[in-house]
Amino acid sequence: MSTIAAIATGPAAGGVGIIRLSGPSALSAARRVVRGLPEQPTARHAYFTRFVDGGGAVLDEGLTLYFAGPKSFTGEDVVELHAHGAPRLLSLLLSELLQHDEVRLATPGEFTRRAYLSGRMELTRAEAVADLIAAESEAQVRAAAAQLTGELSARLEAVHAPLLALQADVEGALDFPEEAEGAEADAARRLDALIANVRSFLADARRGALIRRGARVVLYGPVNAGKSTLFNALVGASRALVDAEPGTTRDTLEARVELAGLAVTLIDTAGLREGAGRLEALGIERTRDALQGADVAVLVVPPDATADQREAWAREVAAERLLVVDGKADLRVAGAVPGDVANASDVAEPSAAPLPHRGRGSGRGGEHALPGSDATPLSVSGLTGAGLPALRDALHTLLSGATASAVLTTSDRHLRALETIDEHLTRARLACDVSTLEVVAGEVSLAVHALAEVTGTDASTELLDAIFQRFCIGK
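All of the points below concern the structure found in this document.

Calculation rules
- Residues numbered from 1 in each chain as written.
- Predicted model: local features only at pLDDT ≥ 70, side-chain atom pairs only at ≥ 80, totals over all residues.
- Heavy atoms only, no water.
- Helix = DSSP H or I, 4+ residues; strand = E, 2+ residues; numbered from the N terminus.
- Buried < 20%, exposed > 50% of the residue type's maximum accessible area, 1.4 Å probe, protein only.
- Contact = heavy atoms within 4.5 Å.
- Areas by Shrake-Rupley, 256 points an atom, 1.4 Å probe, with all protein chains shown as cover.
- Core = buried A, V, L, I, M, F, W, Y, C linked by side-chain atoms within 4.5 Å.
- Axes fitted to C-alpha atoms, helices over the stretch in contact; angles between N-to-C directions.
- Parallel < 35°, antiparallel > 145°, perpendicular 65-115°, else oblique.
- Left-handed = near helix turned anticlockwise from the far one by under 90°.
- Nonpolar A, V, L, I, M, F, W, Y, C, P; charged D, E, K, R; others polar.
- Salt bridge = Lys/Arg side-chain N within 4 Å of Asp/Glu carboxyl O.
- Pairing = 2+ DSSP bridges.
- Polar contact = N/O pair within 3.5 Å; in protein donor to acceptor, adjacent residues only side chain to side chain.
- Expected span 1.5 Å × (residues − 1).
- Bend = angle between axes of the 7 residues up to and from the residue.
- Arc of directions from axis to C-beta.
- Phe/Tyr/Trp six-rings, centres within 6.5 Å; stacked < 30°, edge-to-face > 60°.
- Lys NZ or Arg CZ within 6 Å of the ring centre and 35° of its normal.

**A closer look at the overall build of the protein**
Counting secondary structure elements, the protein contains 14 helices and 15 strands. Residue burial in the protein is summarised as follows: out of 475 residues, 48% are buried. Of the contacts formed within the protein by residues at least 6 apart in sequence, a portion of 66% connects residues at least 24 apart. For the protein, the accessible area works out to roughly 22200 Å², and carbon and sulfur atoms hold 52% of it.

**Here we look at the nonpolar core**
The biggest cluster of nonpolar side chains holds 34 residues, and the ones touching the most others in it are L163, L191, I421, L425, V440 and V444. Of all the secondary structure elements, the ones that give two or more residues to this core are α6 (151-175), α7 (183-213), α12 (412-434) and α13 (437-455). With 10 residues, α7 is the largest single contributor of residues to this core. In contact with V444, not counting residues within four places along its chain, are L163, L166, Q167, L191 and A428. By size, the runner-up hydrophobic cluster in this structure holds 30 residues, among which are I211, A215, L219 and V325.

**Notes on the packing of α6 against α13**
Following both chains from N to C, one finds α6 and α13 inclined at 150°, their axes separated by 9 Å at the closest point. Considering their axes alone, α6 and α13 lie roughly antiparallel with respect to each other. For the pair α6 and α13, the crossing hand works out as left-handed. Where α6 abuts α13, its residues L156, V159, H160, L163, L164, L166, Q167, V170, A173 and L174 lie against L437, E438, V440, A441, V444, S445, A447, V448, L451, V454 and T455. Across the contact of α6 with α13, the residue classes break down as 16 nonpolar, four polar and one charged.

**Here's the deal with the pattern of salt bridges**
A complete count under the given rule lists 19 salt bridges for this structure. Across the salt bridge formed by E127 and R413, the nearest N and O atoms sit 2.7 Å from each other. With E127 in helix α4 (residues 123-134) and R413 in helix α12, the pair connects residues that are 286 residues apart, well separated along the chain. Look at E127 and you get buried, because its relative accessible area is 4%.

**Here's the deal with the side chain of S25**
Positionally, S25 belongs in the loop between β2 (14-22) and α1 (26-30). Looking at S25, the relative accessible area reads 6%, which means it is buried. Excluding its chain neighbours within four sequence positions, the residues that come into contact with S25 are T3, H100 and E102.

**Structural notes on the sheet that holds β2**
One open sheet accounts for seven strands, arranged β3-β4-β5-β6-β2-β1-β7; its pairing is mixed. The strands lining the two open edges of the sheet, one partner per strand, are β3 (34-35) and β7 (103-105). Pairing geometry for strand β1 (residues 3-7) and β7, over three bridges, is parallel. From the neighbouring strand, I4 faces β7, where its bridge partner is R104. Together, β1, β2, β4 (46-52), β5 (58-67), β6 (78-85) and β7 form the strand contacts of helix α2 (residues 87-97), whose direction differs from that of β6 by roughly 150°. Along the sheet, helix α3 (residues 110-117) contacts β1, β2 and β7; its crossing angle with β1, the most-contacted strand, is approximately 140°.

**What to know about the pairing of β1**
Here β1 lies mainly inside the structure; four of its five residues are buried. Summarising the sheet, β1 and β2 pair through four bridges and their orientation is antiparallel. Following the sheet pairing, A6 is matched in β2 by R20. Linking β1 back to β2 in an antiparallel pair, the connection comprises six residues.

**Looking at the environment of D169**
The topology assignment puts D169 in helix α6. Given a relative accessible area of 44%, D169 falls into the partly exposed group. Distance in space between the C-alpha atoms of D169 and A183 is 8.4 Å, their sequence separation being 14 residues. Reaching out from D169, the side chain makes a polar contact with the side chain of R190 at a distance of 2.8 Å.

**With respect to α6**
Helical periodicity: at 3.6 residues per turn, an α-helix aligns residues three or four positions apart in one direction. A rise of 1.5 Å per residue sets the reference length of α6, with its 25 residues, at 36 Å; its end C-alpha atoms lie 36 Å apart and thus fit the reference within 8%. The largest bend in α6 comes to about 30°, at E157. Next to the buried residues of α6 lie α4, α5 (138-148), α7, α12 and α13.

**A short note on the sheet that holds strand β12 (residues 322-326)**
Spatially, the six strands line up as an open sheet ordered β9-β10-β8-β11-β12-β15, and their pairing is mixed. Only two strands of the sheet have a single partner each, and these edge strands are β9 (253-259) and β15 (378-379). Taken together, the two bridges between β12 and β15 define a ladder with parallel strand orientation. Note that in β15 the partner of V325 across the bridge is L378. Contacts from helix α10 (residues 307-314) reach β8 (215-220), β11 (296-301) and β12 within the one sheet, and its direction differs from that of β11 by about 160°.

**Points about helix α9 (residues 278-292)**
For α9, spanning 15 residues, the distance from its first C-alpha to its last is 22 Å, which sits close to the expected 21 Å at 1.5 Å a residue. Among the residues of α9, those classed as buried are E280, G283, I284, T287, A290 and L291. In a view along the axis of α9, the buried residues occupy a sector of 115°, so they form one face of it. Counted as exposed and oriented over 90 degrees from the buried face of α9: R278, D289 and Q292.

**Some details on the side chain of H414**
Within the element layout of this structure, H414 appears in helix α12. A distance of 2.8 Å separates the side chain of H414 from the side chain of E127, its partner in a polar contact. Beyond its immediate chain neighbours, meaning those up to four positions away, H414 contacts T124, E127, Q147, L152 and V454.

**Section: the packing of aromatic side chains**
Going through the model one piece at a time under the given rule, you end up with one aromatic pair. Look at F468 and F471: their rings are 5.3 Å apart centre to centre, the planes differ by 35°, and that puts the pair in the tilted class. Directly above the aromatic system of F111 lies the positively charged group of R20, at a separation of 5.5 Å from the ring centroid. When the ring centre of F201 is taken as reference, the NZ or CZ atom of R155 above it lies at 4.6 Å.

Encoded structure:
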């Protein structure tokens, strides 16, 4: 196998830059640019060395580390050069390393791929490396770390072990039919337990999908409800245009924020109203499109709204995804009416967060009765900041089911495979009642194959290519 080399740190200038080599010629290639390394370096020992160009001129000083295979990340001999993080310096050193006849530039993810192929790392843990590098939020970091340490693998093994045992017993019953009395009943019992486990896994994995892609939170409501001001306050920057003239926002506007560790795409939308012009009507249609894909929709209600209007706006969204807030809290002080100018000092921050105001019903077009007086809507103001901590807490509560168990953050590939496993096991269970043991064995075998694709024990070259192309070069 060839020796590969790549810069393992980012392209920006920094305090430290790392070049990594892996393969049988890693040590001999490193000597092209390293001075001061012993003839037989001690594995896992850091040596202070000089880094030189092809003519022997000193370019830098730094650390050289040698990891002898198979006790290395890739399972091969690995050398790391820790120099100063100057991009041009690292490029010069890498170019000299690539002059070695047996060294070539690594492809994206090739170091981790070699770790997987050498048995140093399971496929799900290898995928976690890419997830950790790409993490944008605390929840994504923790989820990737849990997967990297093998917690997802342990959950998969809880399905894999009994599934393999069932496959062996069913196929044994087919090979020795004289000893197969009661095999269908036994298979049915074991399939029931497996299906329950897989479906529990699937439910958790679907909730955990929010961690990978991030949540979508849409602010919507009528014109002049204070949505754009609230959007700017939540983002912490003046992203949306704000004006007293109704209908200022004509399109959706997105910003990425982090909420209680979860990556959130916050979306401001055009206000809902009857009799809108052609351009504004297009914006309202985009508002409704955004609501269809929202994980949580925040209805911002203006101070002068009637109960009938509240109910009509709430029907735009399924109740389980709806959070209702009273906007423009700065105008909701004692004696103030819409249009009054309220002094910010008159608005007190709530001492405790009111209960999130949730709708009950089927959503747009269906029955949607709002909670009674026992559920007080949050009162918020993007202008003064009143109620914003309570709003963030309410959003965190609604989305917290996604972050409750980082270990179950699976990729779309894992999720599709689990759904396939569930389908085959369900068919196998049905076959126990209405078909033959041969059909049961066939469906169980297909479930085993689908699970093997997740764990990597039966992964095709095309699948591995697709997985490791997500990585950066040098990892």
